[in-house]
Amino acid sequence: MDTAADPSRPAAPAGAPPGRRLSVPVTGLSCVSCVGRVERALAAVPGARDVSVNLATGRAGLSLSGTGPAAIRAAVEEAGYAIPETTTRLRLEGLSCAACVARVERALAAVPGVGGAVVNLAAGTAQVRHPEGLVAPDDLSAAVRAAGYAARVEAEASPADAEARQAAEAGDLRRDVLTAALLSLPIVVLDMGGHLVPALHHGVPGGAAIEAALASLVLAGPGRRFFARGIPGLLRGHPDMNALVALGAGAAYLYSLAAAFAPGLLPAGSAHLYFEASVLIVTLILLGRTLEARARGRTGAAIARLLDLAPKMARVVRDGAERAVPVAALAVGDVVRVRPGERIAADGTVVAGGSYVDESMVTGEPAPVAKRPGDATVGGTLNGQGSLDLRVGSVGPDTVLSQIVRMVEAAQGAKLPIQALVDRVTGRFVPAVIGLALATFLAWLALAPAPALGHALVNAIAVLIIACPCAMGLATPTSIMVGTGRAAERGVLFRDGAALQALRDVRVVALDKTGTLTEGRPALTDLVAAPGFAEAEVLAAVAALESRSEHPVAGAVVAAARARGLALSEPEGFAALTGHGVEGRVAGRSVAVGSRRHMERLGIATDSLAAEAGRLGGAGRSPLYAVLDGRLAALLAVADPVKPGAAAAVAALRAQGLVVAMVTGDDRRTAEGVARALGIAEVAAELLPGGKVEAVRRLRAAHGPVAFVGDGINDAPALAEAEVGLAIGTGTDIAVESADVVLMSGDPGALVTAFALSRAVMRNIRQNLFWAFAYNVALIPVAAGVLTLFGGPPLSPVLAAGAMALSSVFVVGNALRLRRAGAPRAARPAPGPALVGRPA
C-alpha cells in the first residue's frame, strides 16, 4: 500500500509530534513545474519530510517536526508562491472587562503563525487571522484556556473556503482576460489593417507607437503575472510554464520595440512588428486558464454536494419546547426533532418516533431504512414520512459526513505510483524546452535566407509557447479528484488514493463470508410442515417455546414468527438441553425443537423428512425438527442468509476475469454450501485471523495481486496483508481502519462498482497522459518550423498559444467525463415483513 504524502489530510498543529501532517493551500500554481519548485522548497525546510504538492487541489502536504509555521510560509513565498490567510472564529466564555480582552489577544498573538487577533467583548468572540493550514484551531483554543478563559472553535476553514478562493481566482482571470482582449483588439486591427484595407497598406501614422503603448499595458497589466512568477524562477534555475510565456511574449515585445523605435539595431529587412503575437499569447493563455479554472472548479463538486446535504438549522427540544438553532451550535446530548421530509440534523440515536430514512448519500443504496428508538442516525440523511426525536451523539468533525468528506479529500490529494514517472519527466521538461527553443533560434538564424532574425525568433517563440507542461501536470490529479468524488456518491470511499491504481491490477478477490457475502445474523430460511400440520400452527408453537431461549437460532425463529404477525403464547416448563434442543409446553401442547440427535433421544422417527434435511444441510443450512404432542410436525432450517446481489456480484467479478475465493472462519460444510450457491470455486474455511493472512499469501502466489473484502475484527490482518483491503462500512471500526477502500453499504454490488470505477479512472488517466505527451511530441517539431522545410506553413506563436490552452482544457474536460462513470445499481423494494415457507 502506498503511504506517500497526502496533501488533503487534515492539518496538524505546529510543533506537533514527528510524523504529524500539515496540509496547506498554495496559490499561484499553474503547471507541474510549479509543483516541483514548491516541493523542493518545502523539502529543504529542516524537519520537513514526505512533501507532496497537488496541482489539481492546489494544496501542499508534508510531515513536520521541530519547525514552526513561519519557516513553511517563508519557503513557499521564497519560491514565488503564497499561502492564503484565513480567519478562525472562537466563541469565548469568562470575559468581563477590557483587561480580559487584552489578555486573550496577547495569548492568541503568541501562538506561532498567528498574524493578528481581535477580541469582541460584547459578542464574546475572537477573530484570529493566520495562514490557512499552518495553525490548528485546537492550538488557539488551548492558548485561550491557558490564559484562564474558555473557548471553542465556532468556524474553521472548510472546502467551502477553498471553493470561495477558487471562485475569486477565476474572477480575477475573467477580468484579466477581458482587459487583455480589449487592449489587444486595436493592435490586431492595426496589424491586419494593411491586408484588409488597401489604403492602410503602408500602415497608420503613428500606428507603431499605438501598438507599443497598448502592448505595454497588456504585458504590465493582465500579463504581469507571467513575468512576476516566471522571471524569478528562471533566474533561480527552476523555470516553469510562466517562464516559457514570459520568454515568448517578452521576446516578441522587445523585438517589436526595437523594430519600431530603433530599427537600425536590427539587420536590414528584419524590422518587423510582433506586438500582436506578444499580446495574443497572453490573451489566449489567460483564456485557457479561465476555462481550465472553471472546469477544475467542477472537479471538486462531489465534496460540495456532500456538504450541501448537511442542514444549516436544527430543532432542539428543551423543556418540552422546540427551539431552532444553527447545527454548528449543537452539543452532544442535545435532543433534536426531525419532521417528515427534513434532513436529519446530526449523528445520533433515535429516542422517540419512527420513520424510514433515505441513507443513499452514505451507502449509495436507494432503499429507505427503518428507524425506531435505539437505531442510529446519520446527519444529512433524508427523513421520510414519520417524525423522529434523536439524541445527538457526535458533532463537527466527528460526524459521519465530515469523516466521508475527509476520506474523499485524502484520496483526491493522493499521488498514484504512475505520477512518479510523470513528475520525473516534467521536472526536466521545461529546461529542455528552453534548450530546444534556443537551438531552433540558432538553427534558423544560421540556415534561413536573410533576413533570418525575424523568422528564427517566431519559430523559437512558438516552441516556447506550444510546449507548456500544464496538461501533463493536470492529467492524473484531475482524474483522481473526479473519480473518487463519483465513487463517494456511489457509496465507495477510497481512503487511500493509490488503491485506485492497485485495484486495477488485482487478479484475485478473496471474500469473507459472514457479514460480507451473508447478512451476518441467523434467519429462518425454510419451514416444511409434515402432513396434517399447518406452517402457521407449527411456527407459532415453536417460536413461543424459543422465546425463552437466548440462542441466536431461537432469535431467528421468533423474528420470523413476529414478521408474519403470529401471536405467541407464554411457554411453560421450558428446558434447554445443550447440544440437543429445547422442550416445554405451549397452550397446553407439548413442544420439542432440536437436532436429529434430539429426535432420536425422544424416539421420534424423522425418515419422512430426512431427504429434505439432507438437501438443506448440503446447501449450508442447519436443519431442526419440531415435534407437537409427540408427532413430527415440521422441518425448519436456519442459516445466515446470503445477501441479495451477492451471486450477481460474484458473477460480475468472474466475468471480468478475476479469481473469486472465499476465506472464512466458519465451518467448512457451511462455507462450501454458500460457495456452491454463489458459484465460488476456491474455499478456505475454519481459519483463525493468522490463517486468513496465510490464505491471502497462498492466493497471491497462485494467481497474483489480491483484494480482500471483510467486515470483522478478525479480518483486519488480512485486509492489511492484501494489496487492496476493502472493508464493509457496516462492519467494525478496526476493519474499516485497516482497509484502503470502504464500501459504505453492505451490498456486495458496491465491490463491482469499486472495480469499475478504478478501471475507469486509470483508463481516463492513460488517455490524459497520452494526449499530453503525444501533443508535445507532435507539435514541438511543427512549432520549430520542420514543416517549412517541406513547403508547409510555419506555426504562428498565436496559434501555438491557442493550442497550448486547448490541451489543458481538453485534459480537464476528459476527466470530467468520470462524473458519469459506473452504471447505477437497480433499486430495491422498500423493506417489509419477511415471508417464510417452502422454497420455490
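For the protein chain, the name recorded in an unreviewed UniProt entry is Copper-translocating P-type ATPase, with Methylobacterium planeticum as its organism. The Sequence similarities (unreviewed entry) field of the UniProt record for the protein chain holds the comment "Belongs to the cation transport ATPase (P-type) (TC 3.A.3) family. Type IB subfamily." The record in UniProt for the protein chain states the following under Subcellular location (unreviewed entry): "Cell membrane".

Undergrad: Please set out the overall build of the protein chain residue by residue, giving values where relevant.
TA: Along the backbone of the protein chain there are 27 helices and 29 strands. When the 840 residues of the protein chain are sorted by exposure, 51% land in the buried category. Taking the intrachain contacts of the protein chain between residues at least 6 apart in sequence as the baseline, contacts between residues at least 24 apart amount to 69%. Only carbon and sulfur atoms are counted for the fraction: they give 60% of the accessible area of the protein chain, which is about 34,900 Å².

Undergrad: Can you lay out helix α4 (residues 137-146) for me, pointing to particular residues and giving the numbers?
TA: Those residues of α4 not exposed but buried are P137, L140, S141, A143 and V144. Buried residues of α4, viewed axially, fall in a sector of 160°; they line one side. Turned more than 90 degrees from where α4 packs its buried face, D138 and A146 sit exposed.

Undergrad: Which residues make up a positive patch on the surface, and what values go with them?
TA: A cluster of basic residues, R763, R766, R817, R819 and R820, forms a positive patch at the surface. Along the chain, R819 falls in the segment after α27 (797-816).

Undergrad: Outline helix α8 (residues 241-261), listing residues and values.
TA: For α8, built from 21 residues, the straight-helix expectation of 30 Å at 1.5 Å per residue is met to within 8% by its first-to-last C-alpha distance of 30 Å. Counted residue by residue, α8 has 15 buried out of 21 residues, so it is predominantly covered.

Undergrad: Requested: an account of the pairing of strand β27 (residues 706-710), with residues and values cited.
TA: With respect to burial, β27 is a largely interior element, 5 of its 5 residues being buried. The two faces of β27 match: V706, F708 and G710 on one face and A707 and V709 on the other face are all buried. Pairing geometry for strand β18 (residues 508-511) and β27, over 4 bridges, is parallel. Its bridge partner being in β27, V508 is matched across the sheet by V706.

Undergrad: With reference to specific residues and values, describe the sheet that holds strand β12 (residues 355-358).
TA: One open sheet accounts for 3 strands, arranged β13-β12-β15; its pairing is antiparallel. In this open sheet, the two strands that pair with only one neighbour each are β13 (369-371) and β15 (382-383). Here β12 pairs with β13 via 3 bridges, running antiparallel. From the neighbouring strand, S355 faces β13, where its bridge partner is K371.

Undergrad: How would you sum up the nonpolar core? Please name residues and give values.
TA: With 139 residues, the main nonpolar core has L726 and L743 as its most contacted residues. With 15 residues, helix α26 (residues 749-783) is the single largest residue contributor to this core.

Undergrad: Go over the packing of aromatic side chains with me, naming the residues and quoting the values.
TA: Think of a pair of aromatic rings as described by two things: how far the centres are apart, and how the planes are tilted against each other in angle. Counting across every chain of the model gives 2 aromatic pairs. A cation over an aromatic ring shows up here: R372 above the ring of Y356, its NZ or CZ 5.9 Å from the ring centre.

Undergrad: Please provide a residue-by-residue account of the packing of helix α7 (residues 224-235) against α8, values included.
TA: Axis separation between α7 and α8 bottoms out at 7 Å; the angle between their running directions is 110°. Judged on the interaxial angle alone, α8 and α7 are roughly perpendicular. Facing R225, F226, F227, R229, G230, I231 and L234 of α7, the residues of α8 in contact are N242, A243, V245, A246, L247 and G250. Residue classes in the contact of α7 with α8 are distributed as 8 nonpolar, 3 polar and 2 charged.

Undergrad: Now, about the environment of V683: what can you tell me, with residues and values included?
TA: Among the structural elements, V683 can be located in strand β26 (residues 682-684). Take V683: its relative accessible area is 22%, and that puts it in the partly exposed class. Expressed as a C-alpha distance, the spacing of V683 and V663, which sit 20 residues apart in the sequence, is 6.2 Å.

Undergrad: Please provide a residue-by-residue account of the side chain of S394, values included.
TA: Relative to the helices and strands, S394 resides in strand β16 (residues 388-394). Judged by relative accessible area, which is 14%, S394 ranks as buried. A polar atom in the side chain of S394 sits 3.4 Å from the side chain of D347. Not counting residues within four places of it along the chain, the set of residues in contact with S394 comprises V332, A346, D347 and T399.

Undergrad: If you had to explain the confidence of the model for the protein chain to someone new, which residues and values would you point to?
TA: Looking at the protein chain as a whole, the pLDDT averages 79, with 83% of positions reaching at least 70. The lowest-confidence element of the protein chain is helix α25 (residues 733-738), averaging 60 in pLDDT; the highest-confidence one is β18, averaging 94. Of the regions scoring below 50 in pLDDT, residues 1-18 engages in 59 contacts with residues more than four places distant in sequence or in other chains.

Calculation rules
Residues numbered from 1 in each chain as written. Predicted model: local features only at pLDDT ≥ 70, side-chain atom pairs only at ≥ 80, totals over all residues. Heavy atoms only, no water. UniProt positions renumbered as here; feature names shortened; annotations may be inferred. Helix = DSSP H or I, 4+ residues; strand = E, 2+ residues; numbered from the N terminus. Buried < 20%, exposed > 50% of the residue type's maximum accessible area, 1.4 Å probe, protein only. Contact = heavy atoms within 4.5 Å. Areas by Shrake-Rupley, 256 points an atom, 1.4 Å probe, with all protein chains shown as cover. Arc of directions from axis to C-beta. Patch = residues over 30% accessible without salt bridge, like charges linked within 9 Å, V, L, I, M, F, W, Y side chains within 5 Å. Salt bridge = Lys/Arg side-chain N within 4 Å of Asp/Glu carboxyl O. Lys, Arg positive; Asp, Glu negative; His and termini not counted. Charge placed at Lys NZ, Arg CZ, Asp CG, Glu CD. Expected span 1.5 Å × (residues − 1). Pairing = 2+ DSSP bridges. Core = buried A, V, L, I, M, F, W, Y, C linked by side-chain atoms within 4.5 Å. Phe/Tyr/Trp six-rings, centres within 6.5 Å; stacked < 30°, edge-to-face > 60°. Lys NZ or Arg CZ within 6 Å of the ring centre and 35° of its normal. Axes fitted to C-alpha atoms, helices over the stretch in contact; angles between N-to-C directions. Parallel < 35°, antiparallel > 145°, perpendicular 65-115°, else oblique. Nonpolar A, V, L, I, M, F, W, Y, C, P; charged D, E, K, R; others polar. Polar contact = N/O pair within 3.5 Å; in protein donor to acceptor, adjacent residues only side chain to side chain. pLDDT = per-residue confidence, 0-100.

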